[in-house]
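Structure at a glance
So you can see what is in the structure, the chains are spelled out below.
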Amino acid sequence: MPEKLTPPNPPLTDGAVTLRVLRAEDAPAVTLACQDREIQRWIPIIPVPYTEADARRFILMTLQAWHDGTSYEFAIADPSTDRFIGSIGLHLGPNPRLHAVGYLVAPAARGRGVASRALRLVTRWGFEHIDIERLALWTLPGNAASQAVAENAGFRFEGLARNWTLDRDDRPTDAVMYSMTPDDLADAVAADSVAANVPFAAVPRELWASGTRAAPFVQVAPIAELTPGSMRRVTLAGMDLLVAWTTDGIVVTDDRCPHMAAPLSIGNLDGCVVACPLHEGRFDLSSGETVRMPTTGGLDADGTYHSPWSPSGAEMKPEPPTRKLEARRLTRVNRLRFYPLRIRDGHLEVQLPIVPE
Ligand code: FES
């Protein structure tokens with residue numbers, strides 16, 4: 001057994017999350033989090049129904065485990081309020097190859113990188129203080145959010161471990177296995193230091209392209225080749241992508257205008273707004289919104305009709321109805337969709353939807 005550790009003092013923090021020991025007063029927040037259907041779905045050992053007595057028992061168990069040196073469980077807290085928003089634990093096995101980490105985040109705190117941040121903090125602390133040769137992290141198949149957290153924090157995907165764990169009815173069930181070795185941690189730390197100087201735009205989560213969250217990361221380009229204010233087309237797996245370094249950071253979207261598919265990469269980038277080379281359309285690469293409808297008019301993303309317009313300001317001559325006019329009128333300009341990004345080994349990587357063989 002490794003030497004027993006005491007909770008870090010001051011607590012671990014990156015400014016956006018703080019890791020501290022759980023306290024009795026966290027019980028109501030732990031109860032609320034563990035009553036969440038998603039948490040109960042993906043963590044079968046959580047009792048259903050979950051009561052405050054379960055939360056109090058859990059908190060006592062974590063304190064006892066700190067005392068025994070068998071497991072180091074932290075509350076993930078909001079640094080501005082010190083309130084519980086999740087938990088993360090490093091669970092020690094009988095040898096340095098059998099340690100594991102697990103986490104949960106309360107529903108209200110999801111979607112802002114809380115779990116990835118906590119996982120980065122706890123892995124760096126753990127590898128520094130404990131003899132770890134392999135740190136395992138497993139999730140149930142289908143838990144794409146948790147798998148993205150693992151990859152964001154530098155864990156490597158290993159595969160499907162069959163009958164690895166038990167489901168809620170004590171039946172053997174598969175798990176998706178990730179792990180981190182000391183070399184992986186060194187790579188992740190190096191990638192974080194590059195990423196600290198290379199911002200990503202904070203794209204709203206609902207604008208991620210469908211099918212990307214569980215998709216593998218693919219190399220796009222060496223970071224050294226990208227420059228602020230630039231755009232370029234990269235073709236991967238038959239997909240033409242636009243890589244743009246806007247004033248809000250880097251984004252990757254399709255190199256197809258959301259109006260009539262012209263390549264945006266040969267348009268002009270001004271701050272966060274790209275001007276399409278056709279029809280004067282302008283699109284915000286940070287929010288995905290249309291800033292200026294094309295001259296041909298048409299439907300916006302919400303289905304509202306916009307009339308054609310003239311760049312010179314001259315009045316448009318009414319045209320007789322034709323199929324071409326009808327096609328323009330019914331063409332919808334949807335919001336842009338984006339691909340999740342990370343930096344690894346000096347390269348920008350992107351999650352692309354898995355294409356069935
Ligand atoms: S193709 Fe881009 S605005 Fe029409």
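Refer to the structure printed above.
Cut-off values and rules
Residues numbered from 1 in each chain as written. Predicted model: local features only at pLDDT ≥ 70, side-chain atom pairs only at ≥ 80, totals over all residues. Helix = DSSP H or I, 4+ residues; strand = E, 2+ residues; numbered from the N terminus. Pairing = 2+ DSSP bridges. Contact = placed C-beta atoms within 7 Å. Axes fitted to C-alpha atoms, helices over the stretch in contact; angles between N-to-C directions.

Residue Asn 9 is joined to Pro 10 through a cis peptide bond whose omega torsion reads 5°. Its place among the elements puts Pro 10 in the segment before β1 (12-13). Looking along the chain, the bond that leaves Val 48 and enters Pro 49 is cis, with omega of -5°. One can find Pro 49 in the loop between α2 (37-42) and α3 (52-68). Positive phi values are uncommon outside glycine, yet Asp 170 reaches one of about 65°. Along the chain, the position of Asp 170 falls in the loop between β7 (156-166) and β8 (172-180).

What the eight strands build is an open sheet, ordered β1-β2-β3-β4-β5-β6-β8-β7; its pairing is mixed. Since the sheet does not close on itself, it has two edges, and those belong to β1 and β7, each with one partner. Where strand β6 (residues 135-139) lies against β8, five bridges are found, and the strand directions are antiparallel. Along β8, the bridge assignment pairs Leu 137 with Tyr 178. Its contacts with the sheet place helix α4 (residues 114-129) against β1, β2 (18-20), β3 (71-77), β4 (84-91), β5 (99-105), β6 and β8, and it is angled at close to 35° to β4.

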